[in-house]
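Each chain, written out:
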Amino acid sequence: MFNKKESERLIASNLLQINAIKLSPKEPFVWASGIKSPIYCDNRLTLSHPDIRKTIARSFADVAKESFESIDVVAGVATGAIAHGILVAEVLNLPFVYVRSAPKGHGMQNLIEGQVNAGQKVLVIEDLVSTGMSSIQAIDALQSVNVDVVGLLAIFTYGFQKANDAFEMKNCNWKTLTNYPVLIEVAVEKGYISEEEKTLLMKWYSSPDTWGL
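The present account deals with the structure reproduced in this document. As the structure is a prediction and not an experimental result, all values here were calculated from the model.

Once that is clear, we can look at unusual backbone geometry. With omega at -5°, the peptide bond leading from Ala-78 into Thr-79 counts as cis. Note on placement: Thr-79 falls in the loop between β5 (73-77) and α3 (82-92). Non-glycine residue Asn-19 carries a positive phi angle of around 65°. Among the secondary structure elements, Asn-19 is positioned in the loop between α1 (4-17) and β1 (21-23). Residue Asn-19 is classed as partly exposed on the basis of its relative accessible area of 42%. Despite not being glycine, Asn-171 shows a phi value in the positive range, around 55°. Looking at the secondary structure, you find Asn-171 in the loop between α5 (161-170) and β10 (174-179).

Here is the structure:
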């Protein structure tokens, strides 16, 4: 039987183990937006670790089966979630498509690559949700060809309110395999960070836009 809490903790531990997520509260990263952040996430690293990528694919499939009554097609968001989407589609034995961030610049100028038909129920796969804007863009592209987007699953979210608001406005059911509070809890237990660093990290979580100013 699928245990959501155990799965969240396992995946958080895996992401920390391979440095797919790095925590550096005392020497923060600077994102392209200019925001200072004590966390950096690159879930593409999971693809280089067979056992971890299999665990992620199985967890995606378990959450999908638990959350959605019917799925006809799995769609990955380019580029980070293409591989993960294929792995999920393989576990669920379903067709796969992927959604580009912009139309192809030649040929058919496709935004959606692969075959999907109007009325089909599509599950969208993301590697990471920050503001949610790239996810909403992919959902819009799929809905423009009259498919039914049943929801979106991602490996990890920072927990920004902006993302919650975006999915709520879109009326899109979304879930993640693990999340920031679980990650911080596991990081303390396994000695990746101290209690003092946890306090700094949770302050960022409470107010990411003003943290470090």
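Moving on from the model shown.
Counting buried positions over the nine residues of strand β8 (residues 121-129) gives eight, a clear majority of the element. Strand direction decides the pairing type here: β5 and β8, joined by four bridges, are parallel. Looking at β8, one finds that Val-74 is bridged to Leu-123. In this structure, β8 lies alongside strand β9 (residues 148-157), joined through eight bridges in parallel fashion. Within the sheet, the bridge partner assigned to Leu-128 lies in β9 and is Phe-156.

Before going further, it helps to spend a moment on the packing of aromatic side chains. A full pass over the atoms with the stated rule returns 11 aromatic pairs. On the numbers, 4.5 Å between centres and 20° between planes, the contact of Phe-167 with Trp-174 is stacked. With a relative accessible area of 1%, Phe-167 lands in the buried category. Measuring from centroid to centroid gives 5.3 Å for Tyr-180 and Trp-204, while their planes differ by 45°, and the two rings are tilted. Linking Tyr-180 in helix α6 (residues 180-189) with Trp-204 in helix α7 (residues 195-206), this pair joins segments that are 24 residues apart in sequence. There is no split in this pair, since Tyr-180 and Trp-204 are both buried. Here a set of aromatic residues connected by ring pairs shows up, and it is made of Trp-31, Phe-156, Tyr-158, Phe-160, Tyr-180, Trp-204 and Tyr-205.

Overall, mixed pairing links the six strands, which are arranged β7-β6-β5-β8-β9-β10 in an open sheet. Of all the strands in the sheet, the pair left with one neighbour each is β7 (112-113) and β10. Pairing of strand β6 (residues 96-99) with β7 involves two bridges; the strand directions are antiparallel. Directly across from Tyr-98, in β7, lies its bridge partner Glu-113.

Those residues of α5 that fall on the buried side of the exposure criterion are Ala-163, Ala-166 and Phe-167. Seen from one end, α5 has its buried residues packed into an arc of 90°, which puts them on one side. For α5, the exposed residues set more than 90 degrees away from the buried face come down to Glu-168 and Met-169. Where α5 is buried, its residues touch β8, α4 (133-143), β9 and β10. Once α5 ends, the next one or two residues include Asn-171, with phi positive near 55°.

Attention shifts here to the nonpolar core. Counting residues in each nonpolar core, the largest one holds 45 residues, and the members touching the most others are Ile-21, Leu-23, Ile-39, Phe-156 and Tyr-158. Take this core: its biggest share by element is seven residues, from α6. When sequence neighbours within four positions are dropped, the list of residues in contact with Ile-21 reads Leu-15, Leu-16, Ile-39, Tyr-40, Cys-41, Phe-156 and Leu-183. One finds Ile-112, Val-116, Ile-136 and Val-149 within the second-largest nonpolar core, a separate group that totals 24 residues.

Reading guide: rules and limits
- Residues numbered from 1 in each chain as written.
- Predicted model: local features only at pLDDT ≥ 70, side-chain atom pairs only at ≥ 80, totals over all residues.
- Heavy atoms only, no water.
- Helix = DSSP H or I, 4+ residues; strand = E, 2+ residues; numbered from the N terminus.
- Buried < 20%, exposed > 50% of the residue type's maximum accessible area, 1.4 Å probe, protein only.
- Pairing = 2+ DSSP bridges.
- Phe/Tyr/Trp six-rings, centres within 6.5 Å; stacked < 30°, edge-to-face > 60°.
- Arc of directions from axis to C-beta.
- Contact = heavy atoms within 4.5 Å.
- Core = buried A, V, L, I, M, F, W, Y, C linked by side-chain atoms within 4.5 Å.

What is shown is where atoms sit, not what they do.
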